[in-house]
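Observations on the three-dimensional arrangement
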Amino acid sequence: MTMRLDYLSIFPGYFDVLDISLLGKAVDNGLVEVHAHDLRDWTHDRHRTVDDTPCGGGAGMVMKPDPWGEAFDGIIGIEPDPSVHVIFPTPSGIPFTQSAAQELSTVERVVFCCGRYEGIDHRVIDYARTMWTVHELSLGDYVLNGGEVAALAITEAVVRLIPGFMGNPESLAEESFSPGQERLLEYPLFTRPVSWRGMDVPEVLMSGHHGRIAEWRREESLLLTRDRRPDLTD
Ligand SMILES: N#Cc1c(-c2ccc3ccn(Cc4ccccn4)c3c2)n[nH]c1N
């Protein structure tokens, strides 16, 4: 299966980075195909206007619905198709999680709608919900300037789960937040040299005693999780 990824943004250059590294390899291997689009290509005025003042007043600008609707018509089509997943990154979205990444990794087509300014006219999202499967997702409780960085993060989390993308898929199953895994943070990692700037790798990790190593790692994960993410232990 090839996953088609479309990105709608007034800064399509953000997505040039998808030609690099593992994701670039996934494109070369035909696992994914990436299309970035400039929203301004669907404007018709001299200034290629995409924003306007908010109805009801308030600070900032709101993205006009017209360019989005015409871009949808051109990129996705005018017929409803629930197999198309349209993602609106937004601070008011549902927190994006590993399980959402897992679900999206099985989808054949994803369209990212990257807003700017104070956001997109809500009728755009309402229209999209009548046509496709819509996800309003947030990366976390902090404010970015637009949806592009979130779209890149979601892309990486999703594409790495596509069968055939990672060299050794077994490693995915062991990762924190993977399905079936206990919700624990990763234990500290070490590699050679054994001694570095007066600091040594914990002896247990050099013992070759797999039972003790597993026990040490679990204890470290429990301590770290209790300290940094007590919410995961609820
Ligand atoms: N995902 C996600 C996000 C975003 C995000 C996503 C899309 C847009 C489109 C515009 N802005 C700026 C903005 C500033 C103030 C209030 C509303 N919007 C975005 C921010 N911020 N933080 C997250 N976890």
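Worth saying up front: this structure is predicted, and the values here are computed from it rather than measured.

1. So, the domain arrangement of the protein chain
Looking at the protein chain, the domain boundaries give domain 1 (3-160) and domain 2 (169-232). Look at where the C-alpha atoms of domain 1 and domain 2 centre, and you get two points 36 Å apart.

2. Points about helix α5 (residues 148-159)
For α5, with 12 residues, the first-to-last C-alpha span of 16 Å sits near the 16 Å given by 1.5 Å per residue. Within α5, burial applies to Glu 148, Ala 150, Ala 151, Ile 154, Thr 155, Ala 157, Val 158 and Val 159.

3. Remarks on the UniProt feature "binding site: S-adenosyl-L-methionine" (unreviewed entry) in the protein chain
The residues that UniProt annotates with the feature "binding site: S-adenosyl-L-methionine" (unreviewed entry) are Gly 115, Leu 139, Gly 140, Asp 141, Tyr 142, Val 143 and Leu 144. Residue placement: Leu 139 occurs in the loop between β7 (133-138) and α5. Setting aside residues no more than four positions away along its own chain, Leu 139 makes contact with Phe 96, Leu 144, Ala 150, Ala 153 and Ile 154.

4. Description of the packing of helix α2 (residues 65-75) against helix α4 (residues 122-131)
Where α2 meets α4, the closest approach of the two axes is 9 Å, and the angle between their N-to-C directions is 25°. For the element pair α2 / α4, the angle class is roughly parallel. Here the hand of the crossing between α2 and α4 comes out right-handed. Along its contact with α2, which presents Pro 65, Trp 68, Phe 72 and Asp 73, the element α4 presents Arg 123, Val 124, Tyr 127 and Ala 128.

The rules behind these values
- Residues numbered from 1 in each chain as written.
- Predicted model: local features only at pLDDT ≥ 70, side-chain atom pairs only at ≥ 80, totals over all residues.
- Heavy atoms only, no water.
- Domains from an automatic or database assignment.
- Helix = DSSP H or I, 4+ residues; strand = E, 2+ residues; numbered from the N terminus.
- Expected span 1.5 Å × (residues − 1).
- Buried < 20%, exposed > 50% of the residue type's maximum accessible area, 1.4 Å probe, protein only.
- UniProt positions renumbered as here; feature names shortened; annotations may be inferred.
- Contact = heavy atoms within 4.5 Å.
- Axes fitted to C-alpha atoms, helices over the stretch in contact; angles between N-to-C directions.
- Parallel < 35°, antiparallel > 145°, perpendicular 65-115°, else oblique.
- Left-handed = near helix turned anticlockwise from the far one by under 90°.

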